[in-house]
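Architecture at a glance
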Amino acid sequence: MMVVSGEISQTGNEAIAPSTSTVSSNPSSILFDDDAAGKNTFRAHDNTIPAAIYSLAKNGISPPLTLFLPLSLEKIRSSNVKTVKHGTGETTRVTVIDLAEFPDEDTLDQANFCTVWNTYLTFIETCSGKQIFESFARHFNQMLTDPGLALWFPAYRAFDRKIRAQFFTAPYIIDVEHAEYRSALQAAKNDFMMHTQASSSSGARSSSSGGRAAKERSERSKPYDKDNAPPKRTLCFRCGRTGHGAVTCREANPSKHGRNFVIYANRGGLFRIHDDHAVCMSFNCGKCESSGNTHALHICSLCSDAHHGAVNCTRN
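Source: prediction; values computed, not measured.

1. Details of the overall build of the chain
In terms of regular secondary structure, the chain is built from eight helices and seven strands. Relative to its full complement of 316 residues, the chain shows a buried share of 34%. For the chain, the share of sequence-separated contacts (at least 6 apart) that also reach a separation of at least 24 residues comes to 52%. Of the roughly 20,300 Å² of accessible surface on the chain, 52% is carried by carbon and sulfur atoms.

2. Comments concerning the sheet that holds strand β5 (residues 263-266)
Strands sit in the order β5-β6-β7 across an open sheet of three strands; the sheet is antiparallel. Edge positions in the sheet fall to β5 and β7 (278-279), since each of these pairs with one other strand and no more.

3. Details of the packing of aromatic side chains
According to the stated counting rule, one finds 15 aromatic pairs in the structure shown. Measuring from ring centre to ring centre gives 5.0 Å for Trp117 and Phe140, while their planes differ by 5°; the resulting arrangement is stacked. With a gap of 23 residues between them, Trp117 in helix α4 (residues 110-127) and Phe140 in helix α5 (residues 130-144) connect regions that are remote in the sequence. For Phe140, a relative accessible area of 7% gives the class buried. Here Phe167 and Phe168 contribute two aromatic rings whose centre-to-centre distance is 5.2 Å and whose plane-to-plane angle is 90°, an arrangement assigned as edge-to-face. Across the pair, exposure class does not vary: Phe167 and Phe168 are buried alike. Here the aromatic cluster, defined as three or more aromatic residues joined through ring pairs, consists of Tyr54, Phe68, Trp117, Tyr120, Phe123, Phe136, Phe140, Phe167, Phe168 and Tyr172. Geometry around Phe261 places Arg238 over its ring, the cationic atom sitting 3.8 Å from the centre.

Reading the values: the criteria
- Residues numbered from 1 in each chain as written.
- Predicted model: local features only at pLDDT ≥ 70, side-chain atom pairs only at ≥ 80, totals over all residues.
- Heavy atoms only, no water.
- Helix = DSSP H or I, 4+ residues; strand = E, 2+ residues; numbered from the N terminus.
- Buried < 20%, exposed > 50% of the residue type's maximum accessible area, 1.4 Å probe, protein only.
- Contact = heavy atoms within 4.5 Å.
- Areas by Shrake-Rupley, 256 points an atom, 1.4 Å probe, with all protein chains shown as cover.
- Pairing = 2+ DSSP bridges.
- Phe/Tyr/Trp six-rings, centres within 6.5 Å; stacked < 30°, edge-to-face > 60°.
- Lys NZ or Arg CZ within 6 Å of the ring centre and 35° of its normal.

Following this line, the structure appears as structure tokens:
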């Protein structure tokens, strides 16, 4: 015989009645409290910024814009992402999400760039002071309202990346009217233009190398034509002479006697001497459709005329 739940039962063919468990009615055992649930609502779309992104910012890492793509946010929220140690020494204890898990910012096209920037502004607003947030908003508006954004988008993307990266290294209020801001934007445009020209030249050389070689062989037997015009040479936007560029120009005087230099040049671009204002290289090459307060000056780098660029200047 054995005792089950206070009853005596035979151990033979009689079934043993199972014990029954009861759920406590004590409120402390309730998993989902009405008051707590009342503070939440159903969201068709989760628009919260994951804590992992704030962790990057807290540790001085500029969160790439690609983290704010819908698929990236979903991946981070689901914790389906690798982490890495950050920093040196004691700070190596800090663990952050592995940015190698996400696309590079250079993969963003203009449409996605503008979309994620709106989410990025929400992020900045929730973790920054009012003046900082407003300066980021002005910066975004300057890019968005430039009529030449589509033409210069890769340059703006690189410029914007630099603005954000420097902020998370040493926070500052972005001043879209500052000379340094304008200079950095013009430098990004110059880099983009030179890269585009180099790529075009490389492609042209590659595609025409076979035909050119055959043409050169056929031309060798022809007599020298004295009337053939010499090939065009590089025009210096600083002095007006040919054979060198403005960055490497060492001339003491402009090509036109009695005139003064208008600009100086470095790898950041062309700049007007008397006020360091950036001068548009594209305009001086012949054509530029961009405009706006932050765009470089549309003046001739040789004579300051606003009606033509250096390649069409007859005064120097």
